[in-house]
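Summary of the model geometry
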Amino acid sequence: MSPSPRIAITGSGAVCGAGLRPAAILDAILEGRSAVGPIGYWDASDWPVRVAAQINGIKDQVLVDDRKLHKSISRTDLFGIYAGDEAIRSAGFPALRDTLPETGVPLFNDRSGLVVGSGGGSYQVNYDFFPLLHSSKGDMTAFGRDLASSVHPMWLLRILPNNVLCHVGIRNQFKGTNACITNQCASGALAVAEAAASLRIGEADRIVAIGHDAPIEPESVLGYHRLGLLSSDAVRPFDARRDGTLFGEGAAALALEPLESALARQAPVLGQFLGSGTVSEASGIVQLQPDGDGPTRAIRLALADAGISPEEVGMIVAHGNGTPNSDASEAAAILRVFGHQVPPVTAFKWAIGHTLAAAGTLDAALVLECLARDVVPGIPTLREVDPAFATLPVSCDHQRPRSDIALIICRGFGGMNVALLVRRNTPS
Amino acid sequence: MRIAITGIGLVTPVGNDRESTWSSLLEGRPGPGPITTFDASGFTTRIGAEVKGFDFEGMAPRKLLKQASRCHRFALAAAGEALSDAGIRPDPATAHRWGLSVGAGMMSISVEELDVVRQYCAPEGSFDATRMAASEYPVDPVYFCRTQCNAGLALLAHHFGIRGYSSAVHTACASGGQAIGTALKVMRRGLVDRMLVGGFDSMLNPIGLSSFCLLGALSTDNDEPWRASRPFDVTRNGFVLGEGAGFLVLERWEDALARGAEIYAELAGDGNSLSCYRITDSPPDGDGPIQAIRQSLASAGLGPEDIDYVNAHGTSTQMNDQSECAALKVVLGERLPEVSVSSTKGCMGHLIAAAGAVEAAVCALAIRDGIAPVSANFKTPDPGNESLNMVTGTSHRLRIRAALSNSLGFGGSNSCLTFRQP
């Protein structure tokens, strides 16, 4: 068997409260600008949590030009389709296809794959049934009888968890291997890991990994709040006074292909995917192992997959969601794996909020920008590192990566943990 | 690397375990009937393929069951049966070398739970968020946890103690097949030694039924539920909504042999494509499914000449069945008349995200027993599809060297799995 190919990242796209491109988002982060602001989707003035990192002031058409499509998809889908299209465009795939003879196009399309990490669903889509529930007054016969005159006939299609997969596919004719991962906050990182795994075994010639989510809705905010997971004002990763996370929304996408083919077509190589590790803590829906068992094993698996040692890692983008338990167990894991040689650590959720299923993909798209600019962004909300893990090298000031390799940690409900390793492109 | 299927568990509309489901399918005993779990008398479709007489008590700790929705409970039961059948379970020493891959149903909210939200927050029909933040609004953290998109995955990992690779996929009706395809790749990558893999779904509730009634996708043969699902028959008029779960235990061939495990079949190949056509429509010429079937054969190292049986997606909608026939014609070519084809949805109805996993189990059982299950209710083919060798009348004795299972979903995802005789 031939050795598995090295995987290049040749395109990216991202949208979140801090901007419409990975570079612009990182600019905001480096300038210490947080996108956290008042929730505008409903009147939250009496709510215990009144802030989130919303995407404001961007017209739907700026994200997706096809206005007809807007009616048949959800807001999260707009973000995902935008990011996916951006990654495909910036990787130059449509231009590459245009150079092919007509007979070569079907094979190109069949060898182009998509892996999407999706938030899976929302509560408020079900509120479309409220008028019907109200008028039928608990009478199910009336509910069934009046259904068609009360709820939109295409209701189901607007809420399909795999809408982004479907529509990015149709828009770009990416007809090859595909998946839609619905593993809560781990979805976005898993999408990148699975895309790379498929390329390694030659299932496709190029795959775009997308993560998208739009969790800022009343029932989700309230649910997280009642579980004690939300802050009232700011995300303070690894700070002694951290008191929860805050929602963000958005999407990101990476275009991946074998390094050889990227170099052959002289594509702009942003970086390389090196390896991934995925584990469960088997701890239930929201519980975490306090000792960091999950992230520890995920990081070690990713290092083994990449064939590198901990000392070679130059920076870490932690999950750092600012909740007391998640940050403590994550810090424990990082200290356990890296010992006395922990590279600079940062996290982005103070600026862009926790975008749930999009988080891992967004972090991956942003870390490539960090490596290109040779910077580990500081965390402005950090005042005092929690004494429980005082040696963790996080800072409110910018740091420098100690090598061109970055680790991304992504965690989610269900005790899910994914670690990704990427490398900046170094001119050969 | 060869992957063995050594355990199977099923909860379906035609049986609450593996062998009762299998004997029902062989006899062509129909699962659909009038909907009994709620008053469906006002709906255009009042029939469904319900899981019947299923006893949730005692299958898992009460606290865990409280967090489990109806389809999660099916999953816990089917997964438990699969592990018992395989005769091996994760333990603290092996937990990190066990993986989990599931095709999970969409987030589903019961109409009762939704009505609680409405009563507090939309007493006049339109939603008022201020009312939700009021102190008297009853927030139920258990309901919140249960409705997270990976709740089923989390409960399975927790209950069975699986700590290796774990993931959930949702590509509508292709979910179960794609979850098994993912598991095959994870095994071949060597990430884990054994995997629990399957699918689970239940949309047989007022909201789920509404969603498909609105689309006009369901059969409205309310007076003849037993023959409402008739895949590939020229008179077919929509699918019958089912529910349930199917799980398999996968392990490396040599590991299975070394411990003397009974091997049902080899999970030999996985193919996967996206139709990129329209969100609910299937391309009439089979483009999309064709690539998935071909890729699956290539992944198994087999050709059309090796296939003896196809468990079709066969939903009993006009469009799916036409598209799938076209694909089978193209891929199987001259072999078409010799390959037995059936859709077990004629008996079971359509289990949506669970369908691909349950039908993978059906293929493994068909190979074990050398029987192709009957395509219930099939009488007359579409003009032009007469060359399709449907399993009609009764189930047929057949040596099955290799079988295919198709799952084609809304959104255009297509999955094809290949199974081989051990």
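Residues numbered from 1 in each chain as written. Chains lettered and ligands numbered in written order. Predicted model: local features only at pLDDT ≥ 70, side-chain atom pairs only at ≥ 80, totals over all residues. Heavy atoms only, no water.

Some details on the domain arrangement of chain A
All names here are of chain A. Split by domain assignment, chain A resolves into domain 1 (7–122 + 159–424) and domain 2 (125–156). Distance from the C-alpha centre of domain 1 to the C-alpha centre of domain 2: 37 Å. Across the contact, four residues belong to domain 1 and five residues belong to domain 2. Summed over both sides, the interface of domain 1 with domain 2 buries roughly 540 Å², with 53% coming from carbon and sulfur. Taken together, the connections running from domain 1 to domain 2 amount to zero salt bridges. (Domains from an automatic or database assignment. Contact = heavy atoms within 4.5 Å. Buried area = accessible area lost by both parts, 1.4 Å probe. Salt bridge = Lys/Arg side-chain N within 4 Å of Asp/Glu carboxyl O.)

Concerning the interface of chain A and chain B
Facing the 82 residues of chain A at the interface are 80 residues of chain B. Taking both sides of the interface into account, the surface hidden between chain A and chain B amounts to around 6800 Å²; carbon and sulfur atoms contribute 66%. The largest contributions to the chain A side of the interface with chain B come from Tyr123, Phe130 and Ile285 of chain A, which together make up 10% of the buried area. The closest approach of N and O atoms between Lys185 of chain B and Glu203 of chain A, which form a salt bridge, is 2.9 Å. Applying the counting criterion to the chain A and chain B interface returns 32 residue pairs in polar contact (both at pLDDT 80 or more). Considered class by class, the residues forming the side of chain A that touches chain B number 42 nonpolar, 28 polar and twelve charged. (Polar contact = N/O pair within 3.5 Å; in protein donor to acceptor, adjacent residues only side chain to side chain. Nonpolar A, V, L, I, M, F, W, Y, C, P; charged D, E, K, R; others polar.)

A look at the nonpolar core
If you look at the biggest cluster of nonpolar residues, it comprises 236 residues, and the most contacted ones within it are Leu256 of chain A together with Leu156, Leu196 and Phe247 of chain B. Beyond its immediate sequence surroundings of up to four residues, Leu256 of chain A is in contact with Ile7, Ala8, Ile9, Ala195, Ala196, Leu199, Arg206, Ile207, Ala209 and Phe273 of chain A. Ranked by size, the runner-up nonpolar core spans 30 residues in total, among them Val15, Ile73, Val164 and Ala255 of chain A. (Core = buried A, V, L, I, M, F, W, Y, C linked by side-chain atoms within 4.5 Å. Buried < 20%, exposed > 50% of the residue type's maximum accessible area, 1.4 Å probe, protein only.)

What about the pattern of salt bridges?
Applying the stated rule across the entire model yields 54 salt bridges over all chains. Salt-bridge contacts for Arg242 of chain A lead to Asp327 of chain A; the nearest nitrogen and oxygen are separated by 3.9 Å. Of this pair, Arg242 of chain A sits in the loop between α12 (218–226) and β7 (250–258) while Asp327 of chain A sits in helix α15 (residues 324–338), and the two are 85 residues apart along the sequence. For the pair shown, Arg242 of chain A and Asp327 of chain A are each scored as buried. Note that Arg2 of chain B and Glu266 of chain B form a salt bridge whose closest N and O atoms lie 3.1 Å from each other. Here the residue Arg2 of chain B occupies a position in the segment before β1 (3–11), and Glu266 of chain B occupies one in strand β8 (residues 265–274), the gap between them amounting to 264 residues. (Helix = DSSP H or I, 4+ residues; strand = E, 2+ residues; numbered from the N terminus.)

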